[in-house]
Amino acid sequence: MKTKFNGILTLLLALMVQISFAQEKTISGTVSDETGPLPGVNVIVKGTTNGTQTDFDGKFTLKASVGDVIIFSYVGMNTVEKTVGTSNTIDVTMTGSNLLEEVVILGYGSQRKTEITGSTVQIKSEEIEQVPVASVDAVLQGKVAGLVFNGDSGTPGSTSDIRIRGVSSITAGNEPLYVIDGVPMTNDNVSATSSGSSFSALASINSASIESITVLKDASATAAYGARGANGVIVITTKSGKSGKTTFNFSSSYGFQNDATDGPDVLTGVEREMLFYEAIYNTYGETYGFNKDGAQAFYESNPNAFGTDYVVWNANGRQETDWQKLITNEDAPVQEYNISATGGDETYNFYTALGYFKQEATVIGADFDRITGNVNFSKDFTDKIKFTTRNSASHSFQDGLLENSAYFSSPRAVKYFNPSIEPAYTDDGEINIFGTSLPNPLWIAQEDIDESKFTRILSNNSLNWETPIENLSFTSRINIDYQVYNYKRYRNPVRGDGDGETNGYGWQAHSNNAIYVFQNSLDYSYELNEDHKFDFKVLQEWQKSRYYYLEADGDNFADTGLTNLASAGNPTTANSYFNDWAVASYLGTVHYTAFDSKYVLDATYRREGSSRFAKDKRWGDFWSVGAAWNIHKENFLADSDFVNNLKLRASYGVTGNANISLNQYQALFSFGSDYAGEGATSPSTFGNNDLSWETSHTLDLGLDFGLFQNKISGSFGYFRRESKDLLLNVPLSRTTGFTSQTRNIGRMENKGFELEMNFNIVQSEDFNLSLGGNVATTKNEVLELAKDGNGEEINITSSTTRVETGHPVYGWYMREWAGVDPTNGDELWYVEGKGTETTNDYNQAKQVWMGGSAIPKVTAGMNIHVDFKGFFLDANGYYAGGHKVYEDWARYTNGTDFFTTAYYQGVDAVLDRWQQPGDTGTRFGRFRATTDPWRLHSKFLYAGDYFRLKNLTFGHDFNSDIVESIGIDGLRLFVRGTNLYTWVKDDLLKYDPEIDSGGFTSLTTPPVKSIIFGINIKF
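Residues numbered from 1 in each chain as written. Predicted model: local features only at pLDDT ≥ 70, side-chain atom pairs only at ≥ 80, totals over all residues. Heavy atoms only, no water.

Novice: Break down the overall build of the protein chain for me, with residues and values.
Specialist: Within the protein chain one finds 14 helices and 53 strands. Since a compact globule built from 1019 residues should have a radius of gyration of about 31 Å, the 33 Å found for the protein chain is in line with a globular shape. Dimensions along the principal axes, computed over C-alpha positions, put the protein chain at roughly 135 × 70 × 65 Å. Relative to its 1019 residues, the protein chain shows a buried fraction of 53%. (Helix = DSSP H or I, 4+ residues; strand = E, 2+ residues; numbered from the N terminus. Rg over C-alpha atoms; globule rule 2.2 N^0.38 Å. Buried < 20%, exposed > 50% of the residue type's maximum accessible area, 1.4 Å probe, protein only.)

Have a look at this one:
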């Protein structure tokens, strides 16, 4: 009996031991590298979905059993495996340089930073997701040397102008190519109207779901995109799933916005009246025998000649209306909410997200909102076959407004057109619908409609097969980008653009665009031996776009408040059209590394055909070669404590540009006309069967470095890009019946230097301080243009700019202002430029070169980061200089005539005017009771240099003890300011200096200045 009992006891003890060994326990620890704690390290129990990530202090907590293997992985670091023993604490130090081994996404693939032979800049999700913007490209400003960013408007959802290393073409497109998850994309302005707010297709993408943005600048980096890489490439990569326990991330932000700049101040009613009487006296005083004091009486006695505006204003108590205050939406709210989840195991992972963004404009009657969803999933069907799908859908709504010109119904323009003597409200408190030619913007914002709705679905699906041939894999990808756009415009019949004979006006436009991309590629890795490694890629790509457009409009609406076209009594337009284009490409790349990447060689060849050209001119050849020498890996630097990274790189290649309108190679007729109600045909395109690719030939030299354990790091480079066979719209003789023909002719170059520097001044566990920045120069010059039959160069000249060899493209070219004649107050101009005789006859002065263009000669970005025990401060700014900008609407706002004092509303700068003989140094001449024609000259050409503090963020990452006590993995609180400070070099430039690439000031919404509060929770 005792023996039996002992046996049972032994079995129970053994069972208890087994249970104790199998029982889960909590494992905690800290993951670090040589510089300190590492946040975001993946920590997963091998063979399970049980996992987590390290928090902001590098700490983790995980349940595991004795004998389990825990895997620690982090980009750029060697993976570490630890077996769970009796201890509940596992601390890990990861090796490998985060800087040197950083993986850079290049679109069709990725490479370690040490093996890149081209010029690239990658921005990580940490710099993107915390910046609430309607369009994600806005985060690039100041972050990339040589990249110039200008927002077309501060209206939410509007497009932007991005130029990388200058302007490569004269009349073809200069926009970079966007690549999303390895697929070239179309991200143009989808708006149906050119008179209303633009709408960027990029505004459909949620920045919180982006893993990285890489800007490719030189031929070695962009040649893989062949005919579309001449203007640079912006590669956007969305977030992938991470294996391990399902983790959630919730972020929210809410803030307030105002205009970053106020623009010029306008005349008060008192000042405007004073200048009006002064103009009456200067024009009629001598003839009719009255002095300045008698000007008012002369005005009031001639109502048929001058009207009665000031008589009425004086009779009503001289009320002043501040139109800018009335149309401004002060402290306009902006808010964003995102939640995402990621997880998986060794065979699959997923990332899913839902986001909402809403932003009111800083002007009445405009806002933007967007809802987005993402589902990204990857599954290993077998150990050889992997399926990946990335899907996103978004719906955006923009309540826009009239802008981009001096539209009287635009609330943005009212400040400069509606006189302050016009009351905004009646005595009863109703909106005043006054009877002048200018409508009340309060009424327009209430009654008119400018709405855009945009739905976009992106589906990117790939299948990767590791073939039976060792190191050979095959990938097939299908991408669909489906865009649906709807625009509605309504103009009320009471007041504004819809009153009068039209009795209300309505217009609706609908378009859908389906873009398909098919890719098939083979990747092969071959090691001759451990010192010589080759990576080969062969890729076939086909892209097709099918675009359909339908519009209709009508007028004479049955009643006010009816806005749909069914209520229009007089249909006036019904129009539709369809267009399509296709691109086919074949790509081959070779990537060679020798002696542990000491020497690197890249070669790229792409043959591409485009339907934009005739069949025998359709195909082009594009290529690049690049080399890199990692000098720090040589024996003489291998043990250096001073040099950690030193890479010399060089590349040369040919890329292309085909960004022109469709079918320019064909002689076409238009069938959209009518003749007495019958369909009619008319010539529309001259055609050119010899039309082919514009090419860019780019040389790039660079030196990347890291010193003192990478406490100092950066790069220095030189580039020269020569554009040849320009797709140029060459003027034609009027006898042809056409104004121009697109030809391959002309050359232009851009060249400059780029410097990027980062200083990790202090690195410790509790305190870190770093400074960084970049600076770039760009010099643009036109080298060759088309010639006429006499061998003379055909220059492209406007009233303010000119394209001519030896000068920058669209250099400023106009009449030169010579000041004010002190004897009589006449405006003067130089007859043949500064230093020549002057004239008061504008038409006698010749246009001359003013120096410079709208292209900044120098751009720079600056940043600083400080953190102390979880508290952090980040700031970055942007500078652009060496260029000039022109005040485009000076005729209306800076006139010394009735445009300023009787019809519209002048700015207060005109108070610096000539008043009597002997006045010297005044900026404006004498006021006159007349209206002058357009006079475009150098008085309103300003230095465009400016600096802007783009972002300033202060926040706190709560430590692991606090977040664990409330049951979450991470908690961050922050407050961010955007565009808090703007410095402008030229005191005369009162408009916002961040203008479109053409260099003309506009009456659109300026960038916004905001204060935003946010929270980020991981659980």
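Novice: Give a description of unusual backbone geometry that names residues and reports values.
Specialist: Peptide bonds are, in most cases, trans, and in most cases residues other than glycine have a negative phi. A positive phi is found at Arg318, a non-glycine position, where the angle reads about 55°. Looking at the element boundaries, Arg318 is found in the loop between helix H7 (309-315) and helix H8 (323-327). In the Ramachandran plot, Asp331 falls in the positive-phi region, its phi being about 50° despite a non-glycine side chain. Looking at the element boundaries, Asp331 is found in the loop between H8 and strand E19 (332-344).

Novice: Tell me about the nonpolar core, and please be specific about residues and values.
Specialist: Core analysis: the biggest nonpolar cluster contains 45 residues, and Phe276, Ile280, Phe306, Tyr310, Trp812, Tyr886 and Phe898 have the highest contact counts within it. Here this core gets 5 residues from one element, more than from any other, and that element is helix H4 (residues 269-288). With near-sequence residues (within four places) excluded, Phe276 lies in contact with Tyr299, Phe306, Tyr310, Phe898, Thr901 and Ala902. Grouped together as the second largest cluster of nonpolar side chains are 26 residues, Val133, Phe149, Ile164 and Val215 included. (Core = buried A, V, L, I, M, F, W, Y, C linked by side-chain atoms within 4.5 Å. Contact = heavy atoms within 4.5 Å.)

Novice: A description of the packing of aromatic side chains should follow, citing residues and the corresponding values.
Specialist: In the structure shown here, the tally under the stated rule is 68 aromatic pairs. For the ring pair Tyr892 and Trp934, a centre distance of 5.8 Å and an interplane angle of 70° mean the geometry is edge-to-face. Of the two residues, Tyr892 is situated in helix H12 (residues 890-893) and Trp934 in the loop between helix H13 (898-903) and strand E50 (941-943); the sequence distance between them amounts to 42 residues. We classify Tyr892 as buried; its relative accessible area is 13%. On the accessibility criterion, Trp934 (38% relative accessible area) is partly exposed. Arg815 extends its terminal NZ or CZ atom over the ring of Tyr842, reaching a point 4.4 Å from the ring centre. One residue, Arg891, lies across the ring of Tyr892, its end atom 5.8 Å from the ring centre. (Phe/Tyr/Trp six-rings, centres within 6.5 Å; stacked < 30°, edge-to-face > 60°. Lys NZ or Arg CZ within 6 Å of the ring centre and 35° of its normal.)

Novice: Before we move on, could you go through H4 and cite the residues and values that matter?
Specialist: Helix length check: H4, at 20 residues, gives a terminal C-alpha distance of 26 Å against a target of 28 Å (1.5 Å per residue), a fit within 8%. For H4, every residue scored as buried is listed here: Gly269, Arg272, Glu273, Leu275, Phe276, Tyr277, Glu278, Ala279, Ile280 and Gly285. Where the residues of H4 are buried, they touch helix H5 (295-300), helix H6 (303-306), H7 and H13. One or two steps after H4, the chain reaches Gly289, where phi turns positive at roughly 70°. (Expected span 1.5 Å × (residues − 1).)

Novice: Summarise the pattern of salt bridges; cite the residues concerned and give the values.
Specialist: As enumerated under the stated definition, the model contains 41 salt bridges in all. For Lys544, the salt bridge is made with Asp580, and the minimal N-O distance between the two is 2.9 Å. Of this pair, Lys544 sits in strand E26 (residues 532-557) while Asp580 sits in strand E27 (residues 568-594), and the two are 36 residues apart along the sequence. Judged by relative accessible area, Lys544 falls into the buried class, the value being 17%. One salt bridge in this structure joins Glu722 and Arg747, with 2.7 Å as the shortest N-O distance. (Salt bridge = Lys/Arg side-chain N within 4 Å of Asp/Glu carboxyl O.)

Novice: Describe the sheet that holds strand E41 (residues 801-803), with residues and values.
Specialist: The 4 strands are arranged E40-E41-E42-E46 in an open sheet whose pairing can be described as antiparallel. Whereas interior strands pair on both sides, the edge strands pair on one side only; in this sheet they are strand E40 (796-797) and strand E46 (848-849). Here strand E42 (residues 811-814) pairs with E46 via 2 bridges, running antiparallel. Residue pairing in the sheet places Tyr813 in a bridge with Trp849 of E46. (Pairing = 2+ DSSP bridges.)

Novice: Describe the environment of Gly294, listing the residues and the values that go with them.
Specialist: Tracing the chain through its elements places Gly294 in the loop between H4 and H5. A residue is classified by how much of its surface remains accessible, and Gly294, at 18% relative accessible area, is buried.

Novice: Hey, could you go over the side chain of Thr388 for me, with residue numbers and the actual values?
Specialist: Tracing the backbone shows Thr388 in strand E22 (residues 385-399). Classification of Thr388 by relative accessible area gives buried; the value is 18%. For Thr388, the side chain forms a polar contact with the side chain of Ser378, separated by 3.3 Å. Residues contacting Thr388, with those up to four places away along its chain left out, are Phe377, Ser378, Asn460, Asn461 and Ser462. (Polar contact = N/O pair within 3.5 Å; in protein donor to acceptor, adjacent residues only side chain to side chain.)

Novice: Which residues make up the side chain of Asn150, and what are the values?
Specialist: If you trace the backbone, Asn150 turns up in strand E12 (residues 147-151). Overall, Asn150 belongs to the buried group, its relative accessible area being 12%. At 3.3 Å, the side chain of Asn150 forms a polar contact with the backbone oxygen of Ile995. Dropping the residues within four chain positions of it, Asn150 is found in contact with Ser160, Asp161, Tyr946, Glu994, Ile995 and Asp996.

Novice: Run through empty space enclosed by the protein, naming residues and quoting values.
Specialist: The final tally for this structure, using the stated rule, is 8 cavities of 30 Å³ or more. If you add up the space inside the largest cavity, you get close to 600 Å³. Looking at the largest cavity, it is lined by 33 residues, and the ones nearest its centre are Val133, Ala138, Phe149, Asn979 and Val1008. Those elements giving two or more residues to the lining of the largest cavity turn out to be E12, strand E51 (946-957), strand E52 (970-984) and strand E53 (1008-1018). The element best represented in the lining of the largest cavity is E53, accounting for 3 residues. Taken together, the residues that form the lining of the largest cavity break down as 12 nonpolar, 17 polar and 4 charged. If you add up the space inside the second largest cavity, you get close to 290 Å³. Asn894, Gly895, Arg935, His937 and Phe940 are, among the 22 residues lining the second largest cavity, the residues nearest its centre. (1 Å grid on protein atoms, 1.4 Å probe; cavity = no way out; pocket = protein on both sides within 12 Å on 5 of 7 lines; lining within 4 Å. Points joined across faces, edges and corners; volume = space filled by probe spheres on them. Nonpolar A, V, L, I, M, F, W, Y, C, P; charged D, E, K, R; others polar.)

Novice: Which residues make up the pairing of strand E47 (residues 858-868), and what values go with them?
Specialist: Pairing geometry for strand E38 (residues 767-777) and E47, over 11 bridges, is antiparallel. Opposite Gly772, over in E47, you have Asn863 as the bridge partner. Where E47 lies against strand E48 (residues 871-881), 11 bridges are found, and the strand directions are antiparallel. Looking at the pairing, Phe868 lines up with Phe871 of E48.

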